[in-house]
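Summary of the model geometry
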Amino acid sequence: MNARQTLGLDVRQLRVSYDGFVAVADTSFHIAPGESFGIVGESGSGKSTVLRAICGLAPKTSGTVQLCSDGQAAATLPAPGSKAFRRRVQMVFQDPYGSLHPRQTVDRILAEPLAIHGIDDAETRIERALDEVGLGQGFRFRYPHQLSGGQRQRIAIARALILEPQILLLDEPTSALDASVQAEVLNLLEELRRRHQLTFIMVSHDLAVVTHLCQRLMVMQRGQTVELLSSADLAARRVSQPYTLSLMQASAGFKRISMPA
Ligand SMILES: Nc1ncnc2c1ncn2[C@@H]1O[C@H](COP(=O)(O)OP(=O)(O)O)[C@@H](O)[C@H]1O
Ligand SMILES: [Mg+2]
C-alpha cells in the first residue's frame, strides 16, 4: 500500500438522541491527521454512539462531522454519509463473534467491501490483507466458527483495512478477548497504524489500553464530555475531574501500569 493522504476528523456539537433520550450531548473534538485518540467512560456513556454517528450508523440529531487534512480544504474532502467517506473511515466492532457472518468464508467476508466499492483487484487485496493481519493464506477459505476469537478479530481488522482507509474507528476491539490475545491484537493495531499512518479513534473502558495506545483521550459520562486529556497527563495523574479519577481507580490495569513496584 502506497503512502496515502493522512486524514483527521473534526466533530462539532454532535448530538444523538433516541426517542428523546439524549445518548450523546453536544460533543466536540478535533483529531489531527495521524493522531490516535481514545474515548473512555463507563458502559452506557455514549462511546459507541459517537463512533456510530461518525460513520452514519447512528442518527445524528445535530452537529457536524467533517474530514480534515493538512493540505486540503475541508470542503473538497468527502462528505459524511458519502460512499467515498465510508471508504476512508472504517469501523471495527467489539464483538468478533457477532460482526462476521457465520455462513461466509473469510474470502467472501473480505471480498464483500471490495464488491460494494467496485474495486476489482480482489485477489491481490485479499492475500495482502490476510498477510497484514498475520494470518496468511491458510485462513482464506475458513468459516468464522473455525477461528479463535483473536483470529476473528484479525479478520475484522483485515476487512476494515482492505479498502485502504485513512481512519479506523475501533470500538473496544479487544475487550472480548483473553488478556494475552488482547495484547497481541493491540500490538498488531499499533503496528498497522504506524505502517499506514492511520488515524485511530479507539473506544475502551480500559484506561490502561487507551493510555498505552492513544496520544489524547476524551472522558465521557452519560453522553457528556467530562474532560479532554493527553495520555501523558493521565499517566502523571494530572486529571481535574473526580469522575476521571474514579475511572482510574476502577482500572486494575491502570494501577499496574501507573504504579510500578
Ligand atoms: N439504538 C438505540 N436505541 C435506543 N437507545 C440506545 C441505542 N443505542 C444506544 N442507546 C443508549 O444510548 C446510551 C449510550 O449507549 P452506547 O453508546 O452504546 O454506550 P457505551 O458504548 O459507552 O457503552 C445507552 O444508554 C444506550 O442504552
Ligand atoms: Mg459501547
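Note that the structure is predicted; figures quoted are calculated from it, not measured. (Residues numbered from 1 in each chain as written. Chains lettered and ligands numbered in written order. Predicted model: local features only at pLDDT ≥ 70, side-chain atom pairs only at ≥ 80, totals over all residues. Heavy atoms only, no water.)

**Focus: the overall build of the chain**
- Along the chain, the regular secondary structure elements total 10 helices and nine strands.
- Its C-alpha radius of gyration of 18 Å places the chain within 12% of the 18 Å reference for a compact globule of 261 residues.
- Oriented by its inertia axes, the alpha-carbon framework of the chain measures out at about 50 × 50 × 40 Å.
- Counting every position in the chain, which comprises 261 residues, the buried fraction comes to 51%.
- Sequence-distant contacts in the chain: of pairs separated by 6 or more residues, those separated by 24 or more amount to 68%.
- For the chain, the exposed area adds up to about 11,800 Å²; of that, 49% sits on carbon and sulfur atoms. (Helix = DSSP H or I, 4+ residues; strand = E, 2+ residues; numbered from the N terminus. Rg over C-alpha atoms; globule rule 2.2 N^0.38 Å. Buried < 20%, exposed > 50% of the residue type's maximum accessible area, 1.4 Å probe, protein only. Contact = heavy atoms within 4.5 Å. Areas by Shrake-Rupley, 256 points an atom, 1.4 Å probe, with all protein chains shown as cover.)

**Structural notes on the sheet that holds strand β6 (residues 167-171)**
- Pairing in this open sheet of six strands is mixed, and the strands run β5-β6-β7-β3-β8-β9 from one edge to the other. Of all the strands in the sheet, just β5 (89-92) and β9 (224-230) have a single pairing partner and so form its edges. Looking at each pair of strands side by side, their axes are set apart by 15° on average, direction ignored.
- Note that β6 and strand β7 (residues 199-204) share five bridges and pair parallel. Bridged to Leu 170 within β7 is Met 202. (Pairing = 2+ DSSP bridges. Axes fitted to C-alpha atoms, helices over the stretch in contact; angles between N-to-C directions.)

**Points about the pairing of β9**
- Two elements, strand β8 (residues 216-221) and β9, share six bridges in a ladder whose sense is antiparallel. Bridging across to β9, Val 219 finds its partner in Glu 227.

**Considerations on the pattern of salt bridges**
- Taken as a whole and judged by the stated rule, the model has 14 salt bridges.
- A salt bridge links Glu 35 to Arg 216; its shortest N-O distance comes to 2.7 Å. Remark: Arg 216 occurs in strand β8 and Glu 35 occurs in the loop between β2 (21-31) and β3 (36-40); sequence separation between them is 181 residues.
- Residue classification places Glu 35 among the buried residues on the basis of a relative accessible area of 11%.
- Since its relative accessible area comes to 25%, Arg 216 is described here as partly exposed.
- Across the pair Arg 140 and Glu 123 runs a salt bridge, and its minimum N-O distance is 3.2 Å. Of this pair, Arg 140 sits in the loop between α4 (122-132) and α5 (149-161) while Glu 123 is found in helix α4, placing the two residues 17 residues apart along the sequence.
- It is possible to trace a salt-bridge network through shared partners that takes in Asp 107, Glu 123, Glu 127 and Arg 140. (Salt bridge = Lys/Arg side-chain N within 4 Å of Asp/Glu carboxyl O.)

**Observations regarding α5**
- Over its 13 residues, α5 runs 18 Å from end to end, which matches the ideal 18 Å to within 8%, given 1.5 Å per residue.
- Extensive coverage of α5 is indicated by the burial of 11 of its 13 residues.
- Regarding α5, the residues found buried are Gly 149, Gly 150, Arg 152, Gln 153, Arg 154, Ile 155, Ala 156, Ile 157, Ala 158, Ala 160 and Leu 161.
- Packing partners of the buried residues in α5 comprise β5, α3 (106-116), α4, β6 and α6 (179-196). (Expected span 1.5 Å × (residues − 1).)

**Section: the nonpolar core**
- In this structure, Leu 110, Ile 155, Ile 157, Met 202, Leu 217 and Val 219 are the most contacted members of the largest nonpolar core, which totals 48 residues.
- Those residues in contact with Leu 217, other than ones at most four positions away along the chain, are Phe 37, Gly 38, Val 40, Leu 207, Val 210, Glu 227, Leu 228, Leu 229, Ser 230, Ser 231 and Leu 234.
- Core analysis: the second largest hydrophobic core is formed by 28 residues, Val 11, Ile 31, Leu 51 and Phe 85 among them. (Core = buried A, V, L, I, M, F, W, Y, C linked by side-chain atoms within 4.5 Å.)

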